[in-house]
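Architecture at a glance
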Amino acid sequence: MKQYFLIFTLIFGHPLFAFQNTGTLSGYVRDAKTGESIPGATVQVLELGTGAITNAEGFYTLRALPTETFSIQVSFVGYENQTRFNVVIRSGGNPDLNFELKETVSELGEVVVVANPFQKIEETPLSIQKLSREEIATYPGGNNDIAKVVQSLPGVSGSIGGFRNDIIIRGGAPNENVYYLDGIEIPNINHFATQGSAGGPVGLLNVSFFEGVTLSTSAFAAQYDNALSGVLQFDQRNGNTREFRTNFRLSSSESALTFEGPLFKKQQESSNTSFIASVRRSYLQFLFEAIDLPFLPDYWDYQYKVTHKIDEYNEITITGIGSIDDFSINVPEEYDAEQQATLDQVPIIKQQTNTAGISWKQRRKEGQGFLQLALSNNILDNDFRKYEDNENETGLYLQNLSRESETKLRLNLTRFKGNWTLVKTLSLQVVSYENNSIDVINTNQFNNSISFARYGASYQASTTTLNDRLDLSFGLRFDGNSFTDSGNEIWRTLSPRISASYALDANQQWSLNASIGRYYKIPPYTILGYFDNGFVNQNARYIRSDHAVLGLEYLLNPSSRFTLEGFYKKYSDYPVSLSEGVSLANLGGDFSVLGNEAISSVGEGRTYGVEFLYQKKFTNNFYAILAYTWYNSEFTGLDGVYRPSAWNSNHLLTFTGGYKFGNNWEVSARSRYLGRTPYAPVDEAATLDNYPAIIRDYDQLGTVRLQSFNQTDIRIDKKWNFSQWTLNVFLEIQNAFAQNIPNEPDYGLNRDNQGNVISPRQLVQIEDIDNSSILPSLGIVIDF
């Protein structure tokens, strides 16, 4: 016993393990529009009453802060006060906390103007959610996966069973969303992505990188193209310009290492150049092999950002993200009927993705606006195969060996004229897509490629008037391409939009928000590049979606709000499968390739509903988000009949909350309820003829539904603050109340006790598997 006590004393008695109860917080305060530094601003810790004043560069430092959680407020004459909640102070590794203050245009004399803590954007005054860095990192059940975190936001659900990271917004399909990383578009945010759609089982973005995430779900600024349901903007933070820092994270499925710091600093206090970079490695494949599962997911990903400040007005940013995925087969020594069916039907996937971009931002003098020019390239290499015999990789019946590549040039010109913000954008893309495809079941095989240009332009004008009570925004956009038959007829894609927000009272507690707009999306490249004695889908049209949203917001107090919104989306020209007769809006939520088939742009759709939200920022040691969405989602097929979509669960109820105890203990929970979800039943006769391919009867979509989905996840965090470094240990318990997670029925061939197929072949439904397991996992995060 004495030797154990001696070892403990030697380790934790070392200066490296000496506890430290204070930390330092730094950052910059800038003008939200112009990006100019604001010297002389007051930065205050509300709970302590202490603070600091920003210097000539807008930089501040708060020293000797207790290692607790605080609210930080910034104020300056002529600007709205801004408060950040849930700011965690650590003894080491605290990232900069930056503020962007909005100038007030009201004539209120010396009256203090406080910004709405639930910040709106003039172009999207409603249906918008923002997550801070701390909220992302500690979300219960998220396992540090941003895509899973987003699934917990109001109006957002995952696919059937909750296994995948599909982001389904208010009944729209998973491929109706777009993703931007510091203004550079990335085609997908998941490993093992479904090509032509957007989902996958694991996110590829590193949570340690982000300043915050913004999700818009019904109103989009005109600068964003190709969005029908949602725009997700990921704001990466800059690397530290003063010192090197490291973050290490180890969870139940992966490990991640992040470095950041200054470059070319020499003897200066700070550098004009900084970097932040990370690499992440999965070890799920070792765990799955150890417990004898029939498949092994193996992945790597990397992310980086370099920022260089040329001078006071010019800045260059280089950023990139990529992944390497390998989804292979593992033949268990002994397996049951479910594992046998999985072994038969699972695809073999090898994927690589890479997005890299460089942007130049130039601020005009005297705060008149800015110019931003971005050049980027993204590539997806997808090797997707299915075999009759996966173990020996024989009997290939489905193959998709493809590469997608986009090279994009975007120009953004923003000008401030009085109370108006005027934004003009131009975009040009060079697209190439090649595919070596084999589809034995549909008797099609081709090896072909396409290359074409895409282009677009937009204009947005926004203003605040009536003594800061009315926000207005008008936008117009068009898009075109050189491949489809009507691609250069840009009048077909003219997409106007208008939004408004009006404060109903002088204190701006009540506000009425509305938006209406038209949005377009080009069909996936898998559709455009499909070849069958010619490019049969060259007559495909842009998918159109018309949105109308009306909402009411009430600020209960400076940290809480209620909102109520009604929404309606009308779709036109949706691609419909000629072989299955079903709208492609119902597909893309599985491990497959979406759109590699002949289609017709004749589909229509509609989703509508109401959404209630209560949200409380972190104050008095706890935070909470409670949201309920009722919605109806329907699409037509070749027959023109509206049927419930595959995402039409009707009811979505989510709760997320957390409480912080003393001594750096925190408990948080997430609970989700999803109504009964429709699915297309298996066509047993057609499946028996083509097994192991599973053929579905889409004419019956909506006639059968899964049981409702209900899951609660709990997370417990404990932080220790040592000298110059911190340790966070967390325990996550997924499905804490052992609810049975619904899944579609599985089918396989009838086999004897030795696993041999019984002749004549017969398709049988596999006995229901209990999916009520409680899944605990442990993880650590170290910052220094």
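Residues numbered from 1 in each chain as written. Predicted model: local features only at pLDDT ≥ 70, side-chain atom pairs only at ≥ 80, totals over all residues. Heavy atoms only, no water.

Across its full length, the protein chain carries seven helices and 43 strands. For 784 residues, the compact-globule formula gives about 28 Å, and the C-alpha radius of gyration of the protein chain, at 27 Å, lands near that figure. For the protein chain, the spread of C-alpha atoms along the three principal axes comes to 85 × 80 × 50 Å. Here the protein chain, with 784 residues, has 55% of them falling under the buried criterion. For the protein chain, the share of sequence-separated contacts (at least 6 apart) that also reach a separation of at least 24 residues comes to 66%. Counting every atom, the protein chain has about 32,800 Å² of accessible surface; 55% of that belongs to carbon and sulfur. For the protein chain, the centre of its 63 positive side-chain charges and the centre of its 86 negative side-chain charges are spaced 8 Å apart. (Helix = DSSP H or I, 4+ residues; strand = E, 2+ residues; numbered from the N terminus. Rg over C-alpha atoms; globule rule 2.2 N^0.38 Å. Buried < 20%, exposed > 50% of the residue type's maximum accessible area, 1.4 Å probe, protein only. Contact = heavy atoms within 4.5 Å. Areas by Shrake-Rupley, 256 points an atom, 1.4 Å probe, with all protein chains shown as cover. Lys, Arg positive; Asp, Glu negative; His and termini not counted. Charge placed at Lys NZ, Arg CZ, Asp CG, Glu CD.)

Moving on, we get to a positive patch on the surface. Together, R364, R415, K417 and K424 line one region of the surface with positive charge. Position of K424 among the secondary structure elements: in strand 25 (residues 420-439). (Patch = residues over 30% accessible without salt bridge, like charges linked within 9 Å, V, L, I, M, F, W, Y side chains within 5 Å. Salt bridge = Lys/Arg side-chain N within 4 Å of Asp/Glu carboxyl O.)

With that settled, the discussion passes to the sheet that holds strand 16 (residues 230-236). Read across the sheet, five strands follow the order 8-15-16-11-12 without closing on themselves; strand pairing throughout is mixed. Taken across any chain shown, the strands that pair with only one partner, and hence form the sheet edges, are strand 8 (128-132) and strand 12 (184-186). Each strand axis lies, on average, 20 degrees off the axis of its neighbour in the sheet, ignoring direction. Pairing of strand 15 (residues 210-216) with strand 16 involves six bridges; the strand directions are antiparallel. By the bridge assignment, V213 is partnered in strand 16 with F234. (Pairing = 2+ DSSP bridges. Axes fitted to C-alpha atoms, helices over the stretch in contact; angles between N-to-C directions.)

A separate point is the pattern of salt bridges. Within this structure, the stated rule accounts for 35 salt bridges. A salt bridge links R281 to D298, with the shortest nitrogen-to-oxygen separation between them at 2.3 Å. Linking R281 in strand 19 (residues 273-282) with D298 in strand 20 (residues 295-309), this pair joins segments that are 17 residues apart in sequence. With relative accessibility at 21%, the residue R281 sits in the partly exposed group. Two residues, E604 and K570, come together in a salt bridge whose shortest N-O distance is 3.6 Å. Pair noted here: E604 is in strand 32 (residues 599-619) and K570 is in strand 31 (residues 560-577), with a separation of 34 residues, a long-range link.

Attention now moves to the nonpolar core. Grouped together as the largest cluster of nonpolar side chains are 30 residues, with contacts concentrated most on I146, L205 and F234. Residue assignment for this core shows that the elements contributing at least two residues are helix 3 (146-150), strand 11 (177-181), strand 15, strand 16 and strand 33 (622-636). When residues of this core are assigned to their parent elements, the largest contribution, four residues, is made by helix 3. By size, the runner-up hydrophobic cluster in this structure holds 20 residues, among which are V431, F452, L528 and Y542. (Core = buried A, V, L, I, M, F, W, Y, C linked by side-chain atoms within 4.5 Å.)

Another aspect to go through is the pairing of strand 35 (residues 651-660). Inspection of the sheet shows strand 33 paired to strand 35 by nine bridges, in the antiparallel sense. Paired with W630 across the strands is H651, a residue of strand 35. Here nine bridges tie strand 35 to strand 36 (residues 665-674), and the two strands are oriented antiparallel to one another. Within strand 36, the residue paired with T654 across the bridge is R672. Hairpin connection of strand 35 to strand 36: four residues between the antiparallel strands, including N663 at a positive phi of 60 degrees.

Moving on, we come to unusual backbone geometry. Following Y691, the chain continues into P692 via a peptide bond in cis, with omega recorded as 20 degrees. Relative to the elements of secondary structure, P692 occurs in the loop between helix 7 (684-690) and strand 38 (704-705). Cis geometry marks the peptide bond from S759 to P760; its omega dihedral reads -5 degrees. Turning to its location among the elements, P760 is positioned in the loop between strand 41 (747-749) and strand 42 (763-765). Positive phi, close to 60 degrees, is recorded for N533, a residue that is not glycine. Residue placement: N533 occurs in the loop between helix 6 (525-528) and strand 30 (543-557).

Turning our eyes to something else, we now look at the packing of aromatic side chains. Aromatic ring pairs: the centre-centre distance and the angle between the two ring planes describe each pair. For the coordinates displayed, the defined rule picks out 28 aromatic pairs. Between F483 and F535, the ring centres sit 5.8 Å apart and the planes meet at 80 degrees, which makes this aromatic pair edge-to-face. Of this pair, F483 sits in the loop between strand 27 (470-481) and strand 28 (495-503) while F535 sits in the loop between helix 6 and strand 30, and the two are 52 residues apart along the sequence. According to the relative accessible area criterion, F535 is partly exposed, its value standing at 24%. Each residue in the set F446, F452, F483, Y525, Y530, F531 and F535 is aromatic and connected to the rest through ring pairs, giving one cluster. The residue whose ring lies beneath K361 is F370, and the NZ or CZ to ring-centre distance is 4.4 Å. (Phe/Tyr/Trp six-rings, centres within 6.5 Å; stacked < 30°, edge-to-face > 60°. Lys NZ or Arg CZ within 6 Å of the ring centre and 35° of its normal.)

So, about the sheet that holds strand 6 (residues 82-88). Strand order in the open sheet formed by four strands is 3-2-5-6, and the pairing between neighbours is antiparallel. On the outer flanks of this sheet lie strand 3 (50-53) and strand 6, each paired with one strand and no other. Mean inter-strand twist for the sheet, computed between neighbouring axes without regard to direction, equals 20 degrees. The sheet contact formed by strand 2 (residues 42-45) and strand 3 spans four bridges and is antiparallel. Residue pairing in the sheet places V43 in a bridge with A52 of strand 3.

Attention now moves to the pairing of strand 21 (residues 314-329). In this sheet, strand 21 lies alongside strand 20 in antiparallel orientation, the contact comprising 15 bridges. From the neighbouring strand, F295 faces strand 21, where its bridge partner is I329. With 14 bridges connecting them, strand 21 and strand 22 (residues 348-363) associate as antiparallel partners. If you follow N314 over to strand 22, its bridge partner there is Q362.

For the rest of this paragraph, the subject is the environment of Q372. Among the structural elements, Q372 can be located in strand 23 (residues 369-389). For the pair Q372 and E315, spaced 57 residues apart in sequence, the C-alpha to C-alpha distance is 9.6 Å.

Taken together, the buried positions of helix 5 (residues 337-345) are Q339, Q340, A341, L343 and D344. On its buried face, helix 5 sits against strand 21, strand 23 and strand 41. The N-cap residue of helix 5 is D336: its side-chain oxygen and the backbone nitrogen of E338 are 3.2 Å apart. (Polar contact = N/O pair within 3.5 Å; in protein donor to acceptor, adjacent residues only side chain to side chain.)

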